[in-house]
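Residues per chain are reported as follows:
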Amino acid sequence: MTTAAIVLAAGGSRRLGRPKQLVAVSGRPLLDRVVASVRSWPVDDVVVVLGAHRDEITAACDLGGARVVDNPRWSEGLATSIAAGLAACDADRAFLALGDQPAVDPSIPATLVDRTGPAVVPVYRGVRANPVLVDRVLWPAFSALDGDRGGADLLRRHPEWVTEVAFDREPPLDVDTEDDVQRLRRSSSSRSASSE
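Criteria and cut-off values
Residues numbered from 1 in each chain as written. Predicted model: local features only at pLDDT ≥ 70, side-chain atom pairs only at ≥ 80, totals over all residues. Heavy atoms only, no water. Helix = DSSP H or I, 4+ residues; strand = E, 2+ residues; numbered from the N terminus. Rg over C-alpha atoms; globule rule 2.2 N^0.38 Å. Buried < 20%, exposed > 50% of the residue type's maximum accessible area, 1.4 Å probe, protein only. Contact = heavy atoms within 4.5 Å. Areas by Shrake-Rupley, 256 points an atom, 1.4 Å probe, with all protein chains shown as cover. Lys, Arg positive; Asp, Glu negative; His and termini not counted. Charge placed at Lys NZ, Arg CZ, Asp CG, Glu CD. 1 Å grid on protein atoms, 1.4 Å probe; cavity = no way out; pocket = protein on both sides within 12 Å on 5 of 7 lines; lining within 4 Å. Points joined across faces, edges and corners; volume = space filled by probe spheres on them. Nonpolar A, V, L, I, M, F, W, Y, C, P; charged D, E, K, R; others polar.

Student: Residue-level account of the overall build of the chain, with values.
Tutor: Assigned secondary structure in the chain consists of 7 helices and 10 strands. Expected size for 196 residues packed as a compact globule is a radius of gyration near 16 Å; at 16 Å, the chain falls within 12% of this value. Considering only C-alpha atoms, the chain reaches an extent of 40 × 40 × 30 Å along its principal axes. When each of the 196 residues of the chain is scored for burial, the buried share is 48%. Across the chain, contacts joining residues at least 24 apart in sequence account for 69% of those joining residues at least 6 apart. Counting every atom, the chain has about 9400 Å² of accessible surface; 47% of that belongs to carbon and sulfur. Charged side chains of the chain number 23 positive and 27 negative; the gap between the two group centres comes to 3 Å.

What follows is the structure, given as structure tokens:
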């Protein structure tokens with residue numbers, strides 16, 4: 001069974017007010033860090049979906065050989081990026097990963113790939129979050145989503161599709177605001193200091 005990872009990074013960073021994909025964290029753009037992390041997951045293919053600020057991002061980021069898919073409809077919401085990413089994949093299943101979550105512990109996807117079900121969802125201390133592993137059988141349903149939401153509502157409406165996997169940790173930080181950027185930088189600095 002082949003597994004892809006789709007990194008959803010097409011958004012316009014409206015809340016942050018500048019391209020979050022290019023925010024420097026420990027000297028590297030945020031999206032660099034996300035893609036490097038995703039490449040360490042048990043996946044056969046990595047697809048990065050870009051839209052807003054595409055030229056700036058591709059010029060500044062080292063995406064490590066990941067395939068880049070353009071989403072010209074990015075302003076219509078996250079659902080269009082999910083559809084674009086799934087359309088570009090040939091795998092049997094795919095992780096949906098967020099381009100603003102650089103701190104997903106690699107043990108999370110490594111645990112998820114060993115579970116079965118149409119959608120394998122991590123639950124962090126009672127909270128469903130990402131990355132979600134979606135079997136190809138659900139791709140038409142995910143590709144039909146619209147607006148600026150991912151598949152959370154769809155999966156709530158179809159609990160029979162979902163295999164939950166519990167983790168005793170906080171959900172990965174999403175970088176949406178300047179406060180989130182500062183929290184990520186502090187966290188990254190403390191991890192660097194503790195590894196020295």
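Next comes the rest of the description.
Student: An account of the layout of surface pockets is requested, with residue identities and associated values reported.
Tutor: Here the largest pocket defines a volume of roughly 1200 Å³. Secondary-structure elements contributing two or more residues to the lining of the largest pocket are α3 (78-87), β6 (93-98) and α6 (152-157). In terms of residues, the lining of the largest pocket owes the most to one element, α6, which gives 4 residues. Among the residues making up the lining of the largest pocket, the classes are represented as 17 nonpolar, 12 polar and 11 charged. Considered as a void within the structure, the second largest pocket measures approximately 200 Å³ in volume.

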